[in-house]
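# Structure at a glance
Okay, here's what each chain looks like letter by letter:
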Amino acid sequence: MLPMVSSPRRPRSGRWLAVCAAALALLAPATPEVAAADTPPDRRYETNAQRLHRKGVFCMEELERRDCAIEKFEELLLERTQERELITDGMLRLVKLYEKEGRPEDVKEMLRRFWDAGHGRTRVGHLIYSTRYLPEDLDAMAGLDIGKVLDAPISKRVPPDMPEYAFTCDEARREQIEDLWLLRRAQRRARDKKISTNEAFAEIAKERREREARRAQREAEAKAKAKESSAPPEPEYAPVFVEHTCDVAKALGSFSLARWSRMDVALNHTDPRRSMFMAEIPELEATLERAERQGVITPVRDRVWALPGIDFHGHALHLARLDKDELTVAPAELLAEIADNSERRKSTLNRELRALLIKIPVDSHFFGAATEKTIQDLGFGGMKKGRQKFFQMLLPRPKGVQIAGVAHEYLGLFIRMPTDNPLKGEMLVGIARRMISNAEEDDGDADMLKLLDVAQASDKRALLLSYVLSRTQILEMMVQ
C-alpha cells in the first residue's frame, strides 16, 4: 500500500481517504477484535441484569462476601427486566443472605416483594398452549414444570428418593420409600433421645394413632356441621387428574411422571367430573402409536383415543393429541368440547381465570389460580347462611387467588389473594399473625406455621402469604 501513497499521480479525495483509513487500520492495534475474541460468548451481549446477577453469584459463592453479594442482588431487584428467572433467583438468594446476617425483617420484606420484583408485561408462557381451548366453566387451574423442578439445585441436593416419591406411579416403590423415611425418623429420634430404634418406632406409631384419631374426630365434626348447613353436600369423587394420571402414564409405558416435561390441570369446582389434565411428553406421537399397536389405547377418531377399562364416574376416558407433544386427557364429553374448540381455533378459557393466570410470574415452576366464585364457595360453602353473611361482612371479599412456586436454592411458595377492602385486609392480616404466633403444638403445625409470612401487598389491594424452605428445613421436616 505504501507505493500507492507515494505515487506521483494524485488520487481523488475519496480514494485518498480510503487509503488513509486502510493504512491507519494496519498501523493501529487490533484491540477491539482481540477483545471481542477473548470475551466469553455469554458476556458479549450481557444485559445489566445478567451482569449484576453474575457478580452477585461470584461474591456469594467464590469470594464468600455477603456484603458484596447483597449489594449486587439488591441492585438487580431494581432493574426493569423481562429476565424474571434472574430476579427470582436473586430474591431467594437475598432471603438466604439476610437470614445468615440475622436480618429477619429484611427477609420478610423480600418475601413480600415477590409479585412486584422485575414485573413487566403479562405473559402466559407457563401455560401449555392448548389450555386456551378449555371450556369457560372450568374455573380453577394448576400447573407444574416437571423438568425445571427436577433440574433445580434444591432437587439435586436432597436425597434422590424424595423427588422419586413425588413422581413415581409404582405403588410398591412408594411404600418402600415411605418405610425408608420412617426408618430415618426412628433413627433420628433414637439418637436424640438416647433410646433404642425399636422404642422410637413404638413412640412414632403411638403418635400416628393419636393423630389419626384427632383427624377422624375433626372429619366427623365437619360432616355434622355440613348436615346442618343449607349448602348441598360435597361430591364424593375426585377429579380425573387425581384418579387416573398414573393410569395414563402406565398405558403409555412409564411408571413415573418424571419423563414428562410439563403438566397442567383444570376443573369445575362445583363438579369434579368436569376436570382434565394436559401434559407435554417428549416423542408423544411415537409413544401413542406404540400404545395403539399394543392395544393399550383404541382409536376413536383422528388424534383421539380411548383408554379401555377405565370408567370415570360413568364416562369413558379419552386422550387426544391436539398439538405436537401435547396430550390432553378428559372424560369423553369434555374432551370433545376441547377438541372442537381447538379445531375452530377458538380461545374459550375462562376470562377471569386467565386474568389471574397472566399475572403469575412466568418463571414459576408450579402455579395455580382460582376465580372469585370458587374461593367464596370453598371458604363459605359449608356455613349456615347467617354465619356466612356475618363473615362476608367482616372479612374482605377475595377476588380469586394466585399461587406461584419456585425451586432454586430455596423452595418458595407465594400466594396472592386480591381483595376489595384494604382496611378489612389489614385487620385479617393482624388476626392471621396472632394465630400463627399463638399456634398450639398439634401435629407439628406450630413449627410449620412459624415459617409462614402474612402481609398486605404494597398497594394494599391484595393479601400475600409467603413460605420459603431451605434444603435443611425440608430434611428436618422429613425426620420429625
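Scroll up to find the structure this text is about.
Our subject in this report is the structure included herewith. In this text the structure is predicted, and so the values were computed from the model without any measurement.

Before going further, it helps to spend a moment on the packing of helix H5 (residues 48-62) against helix H6 (residues 66-76). Packing of H5 against H6 leaves a shortest axis separation of 8 Å and a crossing angle of 160 degrees. On the basis of their axis angle, the class for H5 and H6 is roughly antiparallel. Helix-helix and strand crossings are classified by hand; for H5 and H6 the assignment is left-handed. Between H5, through Ala-49, Leu-52, His-53, Lys-55, Gly-56, Val-57, Cys-59 and Met-60, and H6, the contact on the second element is made entirely by Cys-68, Ala-69, Lys-72, Phe-73, Glu-75 and Leu-76.

Here we take up the packing of aromatic side chains. Under the counting rule described, the total for this entry stands at three aromatic pairs. Ring plane angle 75 degrees and centroid distance 6.3 Å describe the contact between Tyr-129 and Tyr-133, whose orientation is recorded as edge-to-face. Taking relative accessible area as the criterion, Tyr-129 reaches 35% and is therefore assigned partly exposed. Judged by its relative accessible area of 2%, Tyr-133 falls in the buried class.

Our focus in this paragraph is the state of the cysteines. In the structure shown here, the tally under the stated rule is two disulfides. A sulfur-sulfur distance of 2.1 Å marks the disulfide that ties Cys-169 to Cys-246. When the S-S torsion is -80 degrees, as for the bridge of Cys-169 with Cys-246, the disulfide is left-handed. With Cys-169 in the loop between helix H11 (161-167) and helix H12 (171-193) and Cys-246 in helix H15 (residues 245-251), this pair connects stretches of sequence that are 77 residues apart. For the protein chain, numbering the cysteines in disulfides from first to last along the sequence yields the connectivity 1-2, 3-4.

Each value, and the rule that gives it
Residues numbered from 1 in each chain as written. Predicted model: local features only at pLDDT ≥ 70, side-chain atom pairs only at ≥ 80, totals over all residues. Heavy atoms only, no water. Axes fitted to C-alpha atoms, helices over the stretch in contact; angles between N-to-C directions. Helix = DSSP H or I, 4+ residues; strand = E, 2+ residues; numbered from the N terminus. Parallel < 35°, antiparallel > 145°, perpendicular 65-115°, else oblique. Left-handed = near helix turned anticlockwise from the far one by under 90°. Contact = heavy atoms within 4.5 Å. Phe/Tyr/Trp six-rings, centres within 6.5 Å; stacked < 30°, edge-to-face > 60°. Buried < 20%, exposed > 50% of the residue type's maximum accessible area, 1.4 Å probe, protein only. Disulfide = S-S within 2.5 Å.

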